[in-house]
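Coordinates in review
Residue strings, one per chain:
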Amino acid sequence: QVQLVESGGGLVQPGGSLRLSCAGSGITFRLSSIGWYRQAPGKQREMVAWISRTGITNYVDSVKGRCTISRDNAKNTVNLQLNSLKPEDTAVYYCNFVPPRPDDWGQGTQVTVSS
């Protein structure tokens, strides 16, 4: 089991930005595709973006153009830059492997977009 720790969430006004960070451990993390997922109140968890071990990125349509996922394998981190945030981006954000491993869900980090 790999420990994944999310950080960087917070309360931000519409149009604002946040940078989320996912810290992993070990060679498995560095050699794997990692995704950011989110779960809004009353909704199912969904993938937001993912990045392959070689840096290929993919985004869900609702965040394309507003979101950048990146990774630093030397630091075992995967970051998610969120810009032009909207109230509908409010959710708990998680990182996990792609596909996600049930035992590796962390606590997540809360993102709240509100004026």
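Everything below is about the structure shown above.
This section reports on the structure supplied with the text. Quantities reported herein were computed from a predicted structural model and do not represent experimental measurements.

When you line up the elements, Lys 64 lands in the loop between strand 6 (57-59) and strand 7 (67-72). Side-chain polar atoms of Lys 64 contact the side chain of Asp 61, separated by 3.2 Å.

Okay, the packing of aromatic side chains next. All chains considered together, the criterion is met by two aromatic pairs. In this structure an aromatic cluster arises from ring pairing among Tyr 37, Tyr 94 and Trp 105. The ring of Phe 97 has Arg 101 sitting right over it, with the charged end atom 3.9 Å from the ring centre.

Below, the discussion takes up the pattern of salt bridges. Oppositely charged side chains can form a pair if their charged atoms are brought close together. Evaluation of the coordinates by the stated rule reveals four salt bridges. The salt bridge partner of Asp 61 is Lys 64, with a shortest N-O separation of 3.2 Å. Owing to a relative accessible area of 61%, Asp 61 belongs among the exposed residues under this scheme. One salt bridge connects Arg 66 with Asp 89, and the closest N-O pair in it is separated by 2.7 Å.

Strand order in the open sheet formed by six strands is 2-10-9-4-5-6, and the pairing between neighbours is mixed. Both edges of this open sheet fall to strand 2 (10-12) and strand 6, since each of them pairs with a single strand only. With strand direction ignored, the average angle separating the axes of adjacent strands in the sheet is 25°. For strand 5 (residues 46-51) and strand 6, the ladder comprises three bridges, and the chain directions are antiparallel. The residue bridging Ile 51 from the neighbouring strand is Thr 57, located in strand 6.

Within this structure, the stated rule accounts for one disulfide. A sulfur-sulfur distance of 2.1 Å marks the disulfide that ties Cys 22 to Cys 95. Disulfide Cys 22 to Cys 95: torsion about the S-S bond roughly 70°, handedness right-handed. Taken together, the positions of Cys 22 in strand 3 (residues 18-23) and Cys 95 in strand 9 (residues 91-97) put the pair 73 residues apart, joining distant regions of the chain. Take Cys 22 and Cys 95: they sit in the same class, and that class is buried. Looking at the unpaired Cys 67, the closest cysteine sulfur is the one in Cys 95, lying at 13 Å. With relative accessibility at 6%, the residue Cys 67 sits in the buried group.

As a further point, take the nonpolar core. Membership of the largest hydrophobic core comes to 26 residues, with the highest contact counts inside it found for Trp 36, Val 78, Leu 80 and Tyr 93. Put simply, the parts of the chain that give this core at least two residues each are strand 3, strand 4 (34-39), strand 5, strand 7, strand 8 (77-82), strand 9 and strand 10 (109-113).

What counts, and where the lines are drawn
- Residues numbered from 1 in each chain as written.
- Predicted model: local features only at pLDDT ≥ 70, side-chain atom pairs only at ≥ 80, totals over all residues.
- Heavy atoms only, no water.
- Helix = DSSP H or I, 4+ residues; strand = E, 2+ residues; numbered from the N terminus.
- Polar contact = N/O pair within 3.5 Å; in protein donor to acceptor, adjacent residues only side chain to side chain.
- Phe/Tyr/Trp six-rings, centres within 6.5 Å; stacked < 30°, edge-to-face > 60°.
- Lys NZ or Arg CZ within 6 Å of the ring centre and 35° of its normal.
- Salt bridge = Lys/Arg side-chain N within 4 Å of Asp/Glu carboxyl O.
- Buried < 20%, exposed > 50% of the residue type's maximum accessible area, 1.4 Å probe, protein only.
- Pairing = 2+ DSSP bridges.
- Axes fitted to C-alpha atoms, helices over the stretch in contact; angles between N-to-C directions.
- Disulfide = S-S within 2.5 Å.
- Core = buried A, V, L, I, M, F, W, Y, C linked by side-chain atoms within 4.5 Å.

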